[in-house]
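Summary of structural features
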Amino acid sequence: MDINNNKIFPMDFLWGAATSAFQVEGGYSDGGKGLSVADVASFKHSDQYADTKIASDFYHKYKQDIQLMAELGLKSYRFSIAWARIFPNGNDEQPNTEGIKFYDDVINSLLENGIEPIVTMYHFDMPQALIDQYNGWQSRKSIDDFDRYARTLLQHYGDRVKYWLPINEQNLMIRKDKLLGLQHLESGDMKERLRHQMNYHMFLASAKAVDACHELCPTAKIGPAFAYLPAYPATSRPEDVLAAQDSDRLLNHYLTDTYVFGEYPAYYKHYLEKQGWLPQIQDGDEEILKAGSPDFIGFNYYVSFAAQYCSPETKADYTSILNPVLPGYFEYVPNEYLDATEYNWQIDPTGFRKSFRDLYDRYHLPLMVTENGLGTADVLNSEGKVVDMYRIKYLKDHIGQMRTAVAEGIPVIAYHMWAFIDIVSSSNGFKKRYGLVYVDRNELEEKELRRVRKESYYWYKHVISTNGDDL
Ligand code: BGP
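Residues numbered from 1 in each chain as written. Predicted model: local features only at pLDDT ≥ 70, side-chain atom pairs only at ≥ 80, totals over all residues. Heavy atoms only, no water.

So, the overall build of the protein chain
Helix and strand content of the protein chain: 16 helices and 15 strands. The C-alpha atoms of the protein chain give a radius of gyration of 21 Å, which matches the 23 Å a tight globule of 471 residues would have. In terms of its C-alpha atoms, the protein chain occupies a principal-axis envelope of roughly 60 × 55 × 45 Å. Split into buried and exposed, the 471 residues of the protein chain put 61% on the buried side. Of all intrachain contacts in the protein chain linking residues separated by at least 6 positions in sequence, the fraction that spans at least 24 positions is 76%. Carbon and sulfur atoms provide 49% of the accessible area of the protein chain, an area that totals close to 18,400 Å². Put simply, the protein chain has 49 plus and 66 minus side-chain charges, and the middle of one group is 2 Å from the middle of the other. (Helix = DSSP H or I, 4+ residues; strand = E, 2+ residues; numbered from the N terminus. Rg over C-alpha atoms; globule rule 2.2 N^0.38 Å. Buried < 20%, exposed > 50% of the residue type's maximum accessible area, 1.4 Å probe, protein only. Contact = heavy atoms within 4.5 Å. Areas by Shrake-Rupley, 256 points an atom, 1.4 Å probe, with all protein chains shown as cover. Lys, Arg positive; Asp, Glu negative; His and termini not counted. Charge placed at Lys NZ, Arg CZ, Asp CG, Glu CD.)

Right, dumping it as structure tokens:
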């Protein structure tokens, strides 16, 4: 369907960009910060990839970076607060004043430049001390510790921050053993049972944060930032159509259904029960989940998949992001209609439009794009430029589909491209760059971390200045 796209976006649409603390800040032990699981995981590959020690050095260069955001005309900046900067051990008696002050400065500086701060409370970086104390999300103590952390943020920054996201990509994080402290366990039933118990505790923690936000900051809005990984049926074979539905249910919708409706949906309980992975539930949990209904749905979108039925005898893979296999439910095959990046992420702008429909039709809540972008090896050429026309094409095609979704009547609050600046990719260091701004460093040498505006920076600046009319 072609729609006349002029003047589609509301005047207060938030054209944004995003990053997360461990990927951009550096200063990993400065100002009293404790180590996080993301730090520890990155140090294991320090001989190959850039780690979190210096990253893009936002911790020391945030003023300069916010100037670049202002020059771009950015309306919102989605960033995360490092839990271990506020509570170095995850549950210290008092918050770390230097950590509190750092984010005060960032938020104030954004506001002075007319940029809306959008805060993720927890983006993959649980304090390592909580893994050491009680194996993180395995213990119900993690729920109370997250609650205290969330309340500290809301009390302290709630006078200035209007949009909150409790947990980034719970549905992906739960599949990443190194971020959960599960990497030492052999695969098997015990590990999967534990994973689902941890997931359940994260649901309770997220619901409490939503409830706390509604209590402490009644005019603020809060919602998830989850990874939407939609799947098409690989063929029109009825079993493949069900396989695609199962993929959507068991990797995506179980999460958002629980967030929105405050209980595990019946299909998910049935699945967990069949596997023997139902979590232990306590009295009062139901009320906690019910009180945590979000104000909007935030989602990260990068790729889509094609699912086909696989027999119950197929070998399982519950943790692979690109090739999960849930025996008796689904596995993925390449989608012959789509191109893919060198990392095998299938590029699918139409799937982005489908995502808006799927999520709005299901929940009738406003949507916020919390991440969307292209990671690849950008090159700083001999003229000192980064000519990333491929990124411009990716963003243009995706924003174009979002514009059509908005024109069709779906309420969208914001679009955050990932990432404002080159960051340490969660899997491939600085080899996989995402930014509008290039950071002149490589995997093992930081050099001067000079900032260079890429071609996509100028393109996005124009998009923002025309409020998305001219892509
Ligand atoms: C999302 C994460 C981000 C970011 C992005 C790209 O899953 O929220 O933190 O890194 O994906 O992934 P990667 O860095 O693995 O390429």
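Here the narrative resumes, following the displayed structure.
Brief notes about the site of the ligand
By nearness alone, 16 residues border the ligand, and Q23, E169, S426, K432 and Y434 come closest of all. One nitrogen or oxygen atom from the side chain of H123 is found 2.8 Å from an oxygen atom belonging to the ligand. Interatomic distance of 3.0 Å between a side-chain N/O atom of S425 and an oxygen atom of the ligand. The fraction of the free accessible surface of the ligand (370 Å²) that becomes covered by protein chains is 96%. Class assignment of the residues belonging to the shell around the ligand gives a composition of six nonpolar, seven polar and three charged. (Near = heavy atom within 4 Å. Polar contact = N/O pair within 3.5 Å; in protein donor to acceptor, adjacent residues only side chain to side chain. Nonpolar A, V, L, I, M, F, W, Y, C, P; charged D, E, K, R; others polar.)

As for the pairing of strand 4 (residues 163–167)
Extensive coverage of strand 4 is indicated by the burial of five of its five residues. Looking at chain direction, strand 4 and strand 5 (residues 221–222) are connected through two bridges and run parallel. Opposite Y163, over in strand 5, you have K221 as the bridge partner. (Pairing = 2+ DSSP bridges.)

Here's the deal with helix 5 (residues 97–112)
Across its 16 residues, helix 5 extends 22 Å between first and last C-alpha, which sits within 8% of the 22 Å expected from 1.5 Å per residue. Residues G99, I100, F102, Y103, D104, V106, I107, S109 and L110 constitute the buried set of helix 5. Along its buried surface, helix 5 packs onto helix 1 (21–24), helix 3 (58–72), strand 2 (76–80), helix 4 (83–86), strand 3 (116–122) and helix 7 (141–157). At the C-terminal side of helix 5, G114 shows a positive phi close to 70°. (Expected span 1.5 Å × (residues − 1).)

Describing the nonpolar core
Considering soluble globular proteins, one finds that nonpolar side chains tend to be buried as a cluster. Ranked by internal contacts, the top residues of the largest apolar core, which has 143 residues, are F146, W164, M402, Y415 and Y460. No other element matches the twelve residues that helix 10 (residues 189–216) contributes to this core. Contact partners of Y415, with chain neighbours within four places excluded, come to F13, L14, W15, G16, F352, V369, N372, L395, I399, M402 and Y460. (Core = buried A, V, L, I, M, F, W, Y, C linked by side-chain atoms within 4.5 Å.)

Considerations on the side chain of H123
As for its placement among the helices and strands, H123 is situated in the loop between strand 3 and helix 6 (128–134). A residue is classified by how much of its surface remains accessible, and H123, at 2% relative accessible area, is buried. In terms of polar contacts, H123 uses its side chain to reach the side chain of N168, at 3.1 Å. Once residues within four sequence positions are removed from consideration, H123 is found in contact with S20, F22, Q23, R78, S80, N168, E371 and W418.

Side note on the packing of aromatic side chains
In the structure shown here, the tally under the stated rule is 45 aromatic pairs. Ring geometry for F9 against F13: centres 4.7 Å apart, planes inclined by 50°, an arrangement best described as tilted. The residues F9 and F13 share a single accessibility class, namely buried. When the centroid spacing of 5.9 Å and the interplanar angle of 85° are considered together, the rings of Y200 and Y264 count as edge-to-face. (Phe/Tyr/Trp six-rings, centres within 6.5 Å; stacked < 30°, edge-to-face > 60°.)

A short note on the packing of helix 14 (residues 349–363) against helix 15 (residues 389–407)
At a minimum axis distance of 8 Å, the contact between helix 14 and helix 15 shows a crossing angle of 30°. Classified by the angle between their axes, helix 14 and helix 15 sit roughly parallel to one another. For the pair helix 14 and helix 15, the sense of crossing is right-handed. Facing P349, T350, F352, R353 and F356 of helix 14, the residues of helix 15 in contact are D397, H398, Q401, M402, T404 and A405. The class makeup of the residues in the contact of helix 14 with helix 15 is five nonpolar, four polar and two charged. (Axes fitted to C-alpha atoms, helices over the stretch in contact; angles between N-to-C directions. Parallel < 35°, antiparallel > 145°, perpendicular 65-115°, else oblique. Left-handed = near helix turned anticlockwise from the far one by under 90°.)

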